[in-house]
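As a plain string of letters, each chain reads:
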Amino acid sequence: MPATNGHQASQPSKEIETRLFINGEYVESSNGKTFSLLSPKTHEVVAKVFEASEEDVDRAVAAAKAAQPAWAALTVEQRSACFKKLATLVREHNDELAKLEALSMGKPVSTYIDGHAFSWMFDYYSESGYNVQGTSSLNTPGFVNLTFRQPYGVVGVIIPWNVPLLFFAKKAAPALAVGNTVVLKSSEKAPLASARIGHFIKEAGFPPGVINVVTGFGNVSGSVISHHMDVRALSFTGSTRTGRLIQQASSKSNLKPVFLELGGKSPAIVFEDADLEAAAEATQYSVQTNSGQTCMATSRVYVQDTIAEKFIALFKEKFGPVKVGDPMLQETNHGPQADKVQYENVLKYLEIGKKDGKLILGGNPDSHEDGYFVPPTIFTDTPEDSVIMREEVFGPVVNINIFKTEEEVLAKANNTEYGLYAAVFTKNIDRAMRFAKGLEAGTVGVNCTSPTTGKDTPFGGYKGSGLGREGLHHSLDHFLETNGFPGPC
Ligand code: NAD
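Note that the structure is a prediction, hence the values are computed from the model and not measured.

**Looking at the overall build of the protein**
Thought 1: Regarding its fold elements, the protein presents 15 helices and 20 strands.
Thought 2: In summary, the protein has a C-alpha radius of gyration of 23 Å against a globular reference of 23 Å for 489 residues, a match within 12%.
Thought 3: Over its C-alpha atoms, taken along the principal directions, the protein stretches across nearly 70 × 70 × 40 Å.
Thought 4: Within the protein, the proportion of its 489 residues that are buried is 53%.
Thought 5: If you take every contact in the protein between residues at least 6 apart in sequence, the share linking residues at least 24 apart comes to 73%.

Here it is in structure tokens:
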């Protein structure tokens, strides 16, 4: 296993895959450069990870380009056999992958479902090649007009650190299913599980170059992928700030279509007729899971004045008692924030919340725990224009505000630059429908929040939350060109 920049890799590196996977082989970065991955629990070096250079990305793109025509020429059954084998291998190694994520970004192994989600997606898309259908028309006298759908060629995939393998599969599987090849960049904060997947890709029989996995920072590898002239489409999940840079990179290079799944500031609205137990359970879970580090986290809750006291008490009762601790232990369900940057960012918002709103739970880092732990935190009565009401916190922090009327709360819920997810809790079907239509969000949960979102609903954002919709058949369109073929007949 890898050497480092002249330093010995720390002990765990010897057991952990930290190399790049290019053209069917594991390789060290061309310039030998590595970066240290630190545990968010112990702050120790977990691994020295190879950082892809521009030359490495170029090699990965060239390999993907060379492999694409033969990959697209395979039958759906031939591609499907690789998909199914990969799904099986990853499912079998879910526990090992869980430990890699716990080490790198602190997700508790007890809550880890990413390996299973990965396998589910590769199984689902294994035969999606059959869904690629063109059309024909006879509307032009003397002509038959055919429409074909074809793969773009090389697709770039850039993923975040919060649920790495879910995003790996959500993007790579549909792109591959319809005949594209992929260069995927994992996040520098959680590269280990994605790096390990190369072994399974090889064993599953994917031809060399079909899936390439590189690791590194936005600068160099992310930027090189998004500017690359041979990357013909790009699918990205991450922050709105980076999404903007990626769109600029496209406009400065080959105008590749970019699909952007970005940040959120999701509101949940709880009306007086709602099942308050269920509403409190769903909303608190949404902002607690993954220590609040999910794009869809319900970070703003609006509760009707008549039931506010009761709801807030229920929310506090359910949100408070988490099991903080070592993410490697089964009893832990609340891990640390992923790294120092995330942690300090959340602490900054806690101070803003304390200044602008009323703190009723949490608010201070756990002093008797090592690691970047933030306890479940609730603020109430925070002015709508406070920074904490407008910006994504990405921590276990919620603002609960009180409203009186439908008109008032709809305006407040929509008063955000984001529009990823929203939820409404009510037993009144007419009101639920009015809000499903009126809330400016790609997905509106009715009596449910983010983690319970149905698998077959489209997913994506309004406004600063993104561009395009993902999810099952919705994703296939991202990865297909459309060609018209008029011909005399
Ligand atoms: P990030 O934008 O910092 O990084 C995401 C990825 O982009 C990483 O791999 C990073 O290395 C890369 N990157 C950074 N700068 C780049 C550049 N200039 N060019 C190309 N690539 C670059 O986001 P993050 O901190 O990893 O993830 C958290 C963010 O992701 C949050 O805002 C969260 O809401 C969002 N997110 C959105 C969804 C969704 O489905 N909408 C899901 C999960 C996370």
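**Brief notes about the UniProt feature "active site" (unreviewed entry) in the protein**
Thought 1: Those residues carrying the UniProt feature "active site" (unreviewed entry) are Glu261 in this numbering.
Thought 2: Structurally, the position occupied by glutamate 261 is in strand β11 (residues 258–261).
Thought 3: The contact partners of glutamate 261, leaving out residues within four places of it in the chain, are Thr237, Gly460, Gly461, Gly466 and Glu470.

**Examining the packing of helix α4 (residues 114–125) against helix α5 (residues 164–177)**
Thought 1: Contact geometry of α4 with α5 gives a least axis separation of 8 Å together with a crossing angle of 10°. Taken as axis vectors, α4 and α5 run roughly parallel relative to one another. On the side of α4, the interface is formed by Asp114, Gly115, Ala117, Phe118, Met121, Phe122 and Tyr125, while α5 contributes Pro164, Leu165, Leu166, Phe168, Ala169, Lys170, Ala173, Pro174 and Ala177.
Thought 2: Grouping the constituent residues of the contact of α4 with α5 by class yields 13 nonpolar, one polar and two charged.

**Here we look at the environment of leucine 276**
Thought 1: Along the chain, leucine 276 turns up in helix α9 (residues 276–288).
Thought 2: Residue classification places leucine 276 among the partly exposed positions, given that 18 C-beta atoms sit within 10 Å.
Thought 3: Between the C-alpha atoms of leucine 276 and serine 286, which are ten residues apart in sequence, the distance is 15 Å.
Thought 4: Residues in contact with leucine 276, not counting those within four places in the same chain, are Ile307, Lys310, Phe311 and Leu314.

**As for α9**
The α-helix advances 3.6 residues per turn, and as a result positions three or four apart in sequence lie on the same side.
Thought 1: Taking 1.5 Å as the rise per residue, α9 with 13 residues should run 18 Å; its terminal C-alpha atoms sit 18 Å apart, in good agreement.
Thought 2: Among all positions in α9, only Ala279, Ala280, Ala282, Thr283, Gln284, Ser286, Val287 and Gln288 are buried.
Thought 3: Buried residues in α9 make contact with β12 (266–270), β13 (298–304), α10 (308–319), β16 (397–403) and β17 (421–425).
Thought 4: Positive phi shows up at asparagine 290, right after α9, with a value of about 55°.

**Notes on the sheet that holds β12**
Thought 1: The mixed open sheet is built from seven strands, whose spatial order is β14-β15-β16-β13-β12-β17-β18. Every other strand in the sheet has two partners, leaving β14 (358–361) and β18 (443–446) as the edge strands with one partner each. Averaged over neighbouring strand pairs, the angle between their axes works out to 25° when direction is ignored.
Thought 2: As judged from the three bridges shared by β14 and strand β15 (residues 377–380), these two strands associate in the antiparallel manner. Considered in β15, the bridge of leucine 359 is made with phenylalanine 379.
Thought 3: Sitting on the sheet, α9 touches β12, β13, β16 and β17, and the angle it makes with β13 is about 160°.

**With respect to the pairing of strand β3 (residues 34–38)**
Thought 1: Pairing of β3 with strand β4 (residues 45–50), which is carried by five bridges, proceeds in the antiparallel orientation. When the sheet's bridge partners are listed, leucine 37 is paired in β4 with alanine 47.
Thought 2: Taken together, β3 and the strand that follows it, β4, pair antiparallel across an intervening segment of six residues, in which histidine 43 is found at a positive phi of about 65°.

**Digging into the sheet that holds strand β6 (residues 143–151)**
Thought 1: The antiparallel open sheet is built from three strands, whose spatial order is β5-β6-β20. Single-partner strands in this sheet number two, and they are β5 (135–137) and β20 (480–488). Adjacent strand axes in the sheet meet at a mean angle of 20° when their direction is disregarded.
Thought 2: Where β6 and β20 come together, nine bridges link them in antiparallel fashion. Bridging from a neighbouring strand, glutamine 150 pairs with glutamate 481 of β20.

**What about the site of the ligand?**
Thought 1: Not every one of the 29 residues close to the ligand is listed here, only the nearest: Pro160, Gly218, Gly222, Gly238 and Thr242.
Thought 2: Among the secondary structure elements, those contributing two or more residues to the shell around the ligand are α7 (218–227) and α8 (240–252).
Thought 3: Take the shell around the ligand: its biggest share by element is four residues, from α7.
Thought 4: Here the residues of the shell around the ligand sort into eleven nonpolar, 14 polar and four charged.

Thresholds, definitions, all that
Residues numbered from 1 in each chain as written. Predicted model: local features only at pLDDT ≥ 70, side-chain atom pairs only at ≥ 80, totals over all residues. Helix = DSSP H or I, 4+ residues; strand = E, 2+ residues; numbered from the N terminus. Rg over C-alpha atoms; globule rule 2.2 N^0.38 Å. Buried ≥ 20, exposed ≤ 12 C-beta atoms within 10 Å, placed from the backbone. Contact = placed C-beta atoms within 7 Å. UniProt positions renumbered as here; feature names shortened; annotations may be inferred. Axes fitted to C-alpha atoms, helices over the stretch in contact; angles between N-to-C directions. Parallel < 35°, antiparallel > 145°, perpendicular 65-115°, else oblique. Nonpolar A, V, L, I, M, F, W, Y, C, P; charged D, E, K, R; others polar. Expected span 1.5 Å × (residues − 1). Pairing = 2+ DSSP bridges. Near = placed C-beta within 6 Å.

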